[in-house]
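Structure at a glance
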Number of protein chains: 2
Amino acid sequence: MTSSRVTLADVAARAGVSTALVSVVMRDAPGASAATRERVREAAAELNYQPDRRARLLRSGRSRLLGVVFSVTDAFHGDLVTGLYNAAGAAGYEVTLSAVTPQRDERAAVASLLAERCEGLIVLSLESSTAELADLAARIPLVVLTRAVRSRAVDVVRNDDCGGLHLAVDHLVELGHRRIAHIDGGRSPAAAQRRRGYGEAMSRHGLDAQIRVITGGATEVEGAIAARALLDDPPTAVTVFNDRSATGLLEVARGAGLDVPGDLSVVGFDDDRLARLGYINLTTVGQDAAAITASAVARVADRIEGRPVDQREVVATPRLMVRGTTGPVKGLTSSPA
Amino acid sequence: MTSSRVTLADVAARAGVSTALVSVVMRDAPGASAATRERVREAAAELNYQPDRRARLLRSGRSRLLGVVFSVTDAFHGDLVTGLYNAAGAAGYEVTLSAVTPQRDERAAVASLLAERCEGLIVLSLESSTAELADLAARIPLVVLTRAVRSRAVDVVRNDDCGGLHLAVDHLVELGHRRIAHIDGGRSPAAAQRRRGYGEAMSRHGLDAQIRVITGGATEVEGAIAARALLDDPPTAVTVFNDRSATGLLEVARGAGLDVPGDLSVVGFDDDRLARLGYINLTTVGQDAAAITASAVARVADRIEGRPVDQREVVATPRLMVRGTTGPVKGLTSSPA
DNA sequence: TTGAAAGCGCTAACAT
DNA sequence: ATGTTAGCGCTTTCAA
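Since this is a predicted model, take the numbers as computed values, not measurements.

Moving on, we get to the environment of Q193 of chain B. Residue and element names in this part refer to chain B. Structurally, Q193 can be placed in helix α9 (residues 189-204). Linking Q193 and G255, residues 62 residues apart in sequence, is a C-alpha distance of 31 Å. Leaving out residues up to four positions away in the same chain, Q193 has contacts with R158, D161 and C162.

Each side of the interface is counted separately: chain A has 50 residues, and chain B has 50 residues. Between chain A and chain B, the buried area comes to about 4,700 Å², and carbon and sulfur atoms account for 49% of it. Our enumeration of links across chain A and chain B arrives at five salt bridges. The closest approach of N and O atoms between R53 of chain A and E116 of chain B, which form a salt bridge, is 3.6 Å. Across the chain A-chain B interface, the total number found is 12 residue pairs in polar contact (both at pLDDT 80 or more).

To continue, consider the sheet that holds strand β12 (residues 319-321) of chain A. Residues and elements named next belong to chain A. Read from one edge of the open sheet, six strands run β7-β6-β8-β9-β10-β12, paired in mixed fashion. The sheet terminates laterally at β7 (210-212) and β12, the two strands that pair on one side only. Each strand axis lies, on average, 20° off the axis of its neighbour in the sheet, ignoring direction. Each of β6 (180-183), β7 and β8 (237-240) is contacted by helix α10 (residues 220-231), which is oriented at about 150° to β6, the strand it contacts most. The sheet contacts of helix α11 (residues 243-255) involve β6, β8, β9 (265-270) and β10 (283-286), and relative to β9 the element is tilted by about 155°.

The local shell around DNA strand C holds 22 residues, among which L8, S23, Y49 and R56 of chain A together with R59 of chain B are the closest. Per the 4 Å cut-off to the protein, sugar and phosphate atoms form 68% of the nearby atoms of DNA strand C. Between L8 of chain A and DNA strand C, the recorded distance is 2.3 Å, taken from a backbone N or O atom to a phosphate oxygen. Interatomic distance of 2.7 Å between a side-chain N/O atom of S23 of chain A and a phosphate oxygen of DNA strand C. Elements represented by at least two residues in the surface near DNA strand C include exactly α2 (19-26) and α4 (53-60) of chain A together with α2 (19-26) and α4 (53-60) of chain B.

Placing chain A over chain B gives an RMSD of 0.4 Å and needs a rotation angle of 180°, together with 0.1 Å of translation along the axis. This pairing of chains is accounted for by a two-fold axis.

Residues and elements named next belong to chain A. Covered by surrounding structure in strand β11 (residues 313-316) are V314 and A316 only, the residues E313 and V315 on the alternate face being uncovered. Relative to β11, strand β5 (residues 155-159) runs parallel, the two sharing four bridges. When the sheet's bridge partners are listed, V156 is paired in β11 with E313.

The subject of this paragraph is the packing of helix α5 (residues 75-90) of chain A against helix α13 (residues 289-304) of chain A. Residue and element names in this part refer to chain A. The contact between α5 and α13 brings their axes to 8 Å, and the two run at 50°. Considered as vectors, α5 and α13 are oriented oblique to each other. Once α5 is placed against α13, the crossing between them reads as right-handed. Here F76, D79, L80, G83, L84, A87 and A88 of α5 come into contact with α13, specifically with A289, I292, T293, A294, A296 and V297. Looking at the contact of α5 with α13 residue by residue, the class counts come to 10 nonpolar, two polar and one charged.

A word on the domain arrangement of chain A. All names here are of chain A. For chain A, the assigned domains are domain 1 (8-51), domain 2 (65-160 + 289-317) and domain 3 (161-287). With centres defined by C-alpha atoms, the gap from domain 2 to domain 3 works out at 29 Å. Counting residues at the interface gives seven residues for domain 2, matched by nine residues for domain 3. Counting the surface lost from both domain 2 and domain 3, the interface buries some 780 Å², and carbon and sulfur atoms represent 41% of this. Summed over the shared surface of domain 2 and domain 3, the result is one salt bridge. If you look at where domain 2 meets domain 3, you find six residue pairs in polar contact (both at pLDDT 80 or more). Of all the elements in the fold, those that place two or more residues in the side of domain 2 that touches domain 3 are α5, β5 and α13. Residues of the side of domain 2 that touches domain 3, tallied by class, amount to three nonpolar, one polar and three charged.

Once that is clear, we can look at the protein's contact with DNA strand D. In the vicinity of DNA strand D lie 22 residues, with T36 and R59 of chain A together with L8, Y49 and R56 of chain B positioned nearest. When atoms of DNA strand D within 4 Å of the protein are sorted by moiety, sugar and phosphate together comprise 67%. One nitrogen or oxygen atom from the side chain of R59 of chain A is found 3.0 Å from a base nitrogen belonging to DNA strand D. Those elements giving two or more residues to the surface near DNA strand D turn out to be α2 and α4 of chain A together with α2 and α4 of chain B. No other element matches α4 of chain B, which puts four residues into the surface near DNA strand D. Partitioning the surface near DNA strand D into residue classes produces 10 nonpolar, seven polar and five charged.

With respect to the secondary-structure elements, H182 of chain A resides in strand β6. In this view, H182 of chain A contacts L165, R194, R195, Y198, Q210, I211, R212, T239, V240 and F241 of chain A; residues no more than four positions away in its chain are not counted.

Cut-offs used in this document
- Residues numbered from 1 in each chain as written.
- Chains lettered and ligands numbered in written order.
- Predicted model: local features only at pLDDT ≥ 70, side-chain atom pairs only at ≥ 80, totals over all residues.
- Heavy atoms only, no water.
- Helix = DSSP H or I, 4+ residues; strand = E, 2+ residues; numbered from the N terminus.
- Contact = heavy atoms within 4.5 Å.
- Buried area = accessible area lost by both parts, 1.4 Å probe.
- Salt bridge = Lys/Arg side-chain N within 4 Å of Asp/Glu carboxyl O.
- Polar contact = N/O pair within 3.5 Å; in protein donor to acceptor, adjacent residues only side chain to side chain.
- Pairing = 2+ DSSP bridges.
- Axes fitted to C-alpha atoms, helices over the stretch in contact; angles between N-to-C directions.
- Near = heavy atom within 4 Å.
- Least-squares fit on C-alpha atoms with pLDDT ≥ 70 in both.
- Buried < 20%, exposed > 50% of the residue type's maximum accessible area, 1.4 Å probe, protein only.
- Parallel < 35°, antiparallel > 145°, perpendicular 65-115°, else oblique.
- Left-handed = near helix turned anticlockwise from the far one by under 90°.
- Nonpolar A, V, L, I, M, F, W, Y, C, P; charged D, E, K, R; others polar.
- Domains from an automatic or database assignment.

Given below as structure tokens:
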């Protein structure tokens with residue numbers, strides 16, 4: 001019943017060779033004749049041999065293992081984990097996951113990874129304080145994703161949130177919008193970046209920035225509240241802190257009889273699962289998960305292998321995903337004169 | 001820079017004792033004086049010692065490690081992973097995660113876990129065929145979650161989908177509904193179970209089962225289509241295959257001017273993130289992730305530890321989450337006569 | 001209560 | 001091309 005007790009020695013005995021030779025064959029290392037290789041592989045297959053990664057890594061000193069801390073509740077983390085597997089595989093590293101759950105905090109997740117002797121850590125999102133991160137970074141190569149860290153001692157890879165709002169505003173201006181509001185996301189670092197990007201882009205176009213500040217956060221409810229505030233004197237377009245908030249706003253705006261995008265164009269941020277749903281179909285600023293994860297793996301590999309690193313922070317370029325909630329300003333298309 | 005090279009021997013040297021004793025202390029095993037314990041702990045802390053789990057497990061033969069295969073794209077898997085960490089911890093097991101992504105299939109995820117020498121596997125959802133699962137189950141203790149498996153050779157823990165629809169229908173009947181439709185979810189095993197539960201419950205109440213069959217699946221779009229079909233002659237309530245579909249249905253129903261729950265009560269299934277959103281606030285049948293995961297861990301532990309197992313399939317009891325999309329039948333509350 | 005020694009499954013030197 | 005030996009960091013007899 002419980003096999004998996006097959007070891008190198010078993011394979012060696014069956015193939016009639018030494019364990020060292022089996023090791024060579026299993027690792028595709030040079031130093032074995034084709035005939036032997038064949039025989040060893042056959043024996044291994046017959047015995048259903050699985051190399052024991054732990055023993056292998058214990059002996060060889062290096063683990064080539066990257067620990068990834070992520071949160072099970074965050075949809076975008078799924079995209080990042082996907083990218084990390086790809087990037088790590090390409091770079092010759094394995095990935096081991098450690099989840100943050102409501103009952104398992106970041107500290108626990110990190111400790112578990114440390115006990116597995118990862119060579120480097122990639123941490124998504126974060127409860128940890130800057131000080132904790134700096135401590136950790138002093139112990140092991142570390143890259144923090146998706147958030148800014150106020151420390152010159154920690155490597156960070158993050159999205160260019162500021163640039164993302166430039167994209168959003170440019171898109172709306174191109175469609176003829178001039179009265180564009182921004183629904184703010186509260187006091188997270190990301191919200192500040194996005195607010196700034198909005199302001200910069202508006203000035204660049206010589207437009208008045210009518211920032212609607214909704215303090216407190218990033219949820220559907222807050223988007224809905226913002227929408228109500230907007231209804232008195234609606235702009236022709238809004239950029240919203242994130243997709244969740246934008247979804248709440250859409251809900252209220254449509255409920256109040258506004259046509260989207262006829263009366264109001266809406267741009268979100270994140271390109272999360274919600275935004276892609278057919279019936280929401282939100283135009284939004286997408287983070288480039290593939291680029292972010294590739295940078296993260298490259299960076300942590302540089303640290304592990306002792307290569308010099310020129311900058312602590314890598315900023316990824318976002319992409320505008322044009323969908324159904326943005327359109328030309330009313331009257332613009334219907335004025336062929 | 002790169003520490004983490006601290007070993008038991010280092011701690012032993014610093015504390016002035018043998019490595020065996022340090023091992024005892026680190027494992028909280030009996031056989032060391034309080035004074036020694038104190039001294040060893042101090043030394044370990046000073047050196048920032050992290051036990052090497054690999055070496056530990058290699059030596060002790062057992063790994064007490066449970067491998068979990070899950071999908072990064074499925075929100076409910078997040079809940080299950082959360083529960084698995086809790087249950088495994090309580091049972092004295094560690095959890096190691098292996099994700100299925102668009103570029104990493106179940107086979108790869110399982111192979112990686114096997115190489116880590118997990119003692120048991122818990123696999124969520126599944127692309128694998130029944131035959132593959134049966135093969136795997138012959139090699140290592142295995143429990144499959146969230147789906148039925150047509151094989152007497154595989155342990156399964158799943159939700160009582162049929163019973164869930166009994167709950168939903170009972171709730172609606174209690175609110176005075178008699179004309180209740182069911183939006184079907186296509187040809188998955190789960191859809192069949194839910195359809196059956198609906199039919200059974202309706203007969204039990206002596207009601208006519210007006211099943212609206214929408215073939216093809218489980219998405220918002222399909223819910224929306226079903227809603228349109230319903231609009232000609234709407235029932236007073238519907239049970240819907242899942243929350244995603246129910247969300248699409250809500251969208252269309254409200255867009256058509258129906259008041260929910262005034263004109264139409266809606267019950268979903270899954271209690272996924274969407275359902276809990278304030279502005280959707282869907283009454284739904286929740287799967288008991290805690291119970292499912294506890295059963296799964298208990299079952300796999302039984303197998304690992306060689307305890308007899310009486311049944312291959314464990315069925316968890318779902319729970320009705322009453323929220324804002326169900327209410328009394330119109331006229332019933334306003335007829336105090 | 002404490003220490004010495006063996007060995008988990010594997011890889012890396014070094015021999016042959 | 002192949003085998004022998006040693007030892008990764010830890011736990012586990014067994015002896016003191």
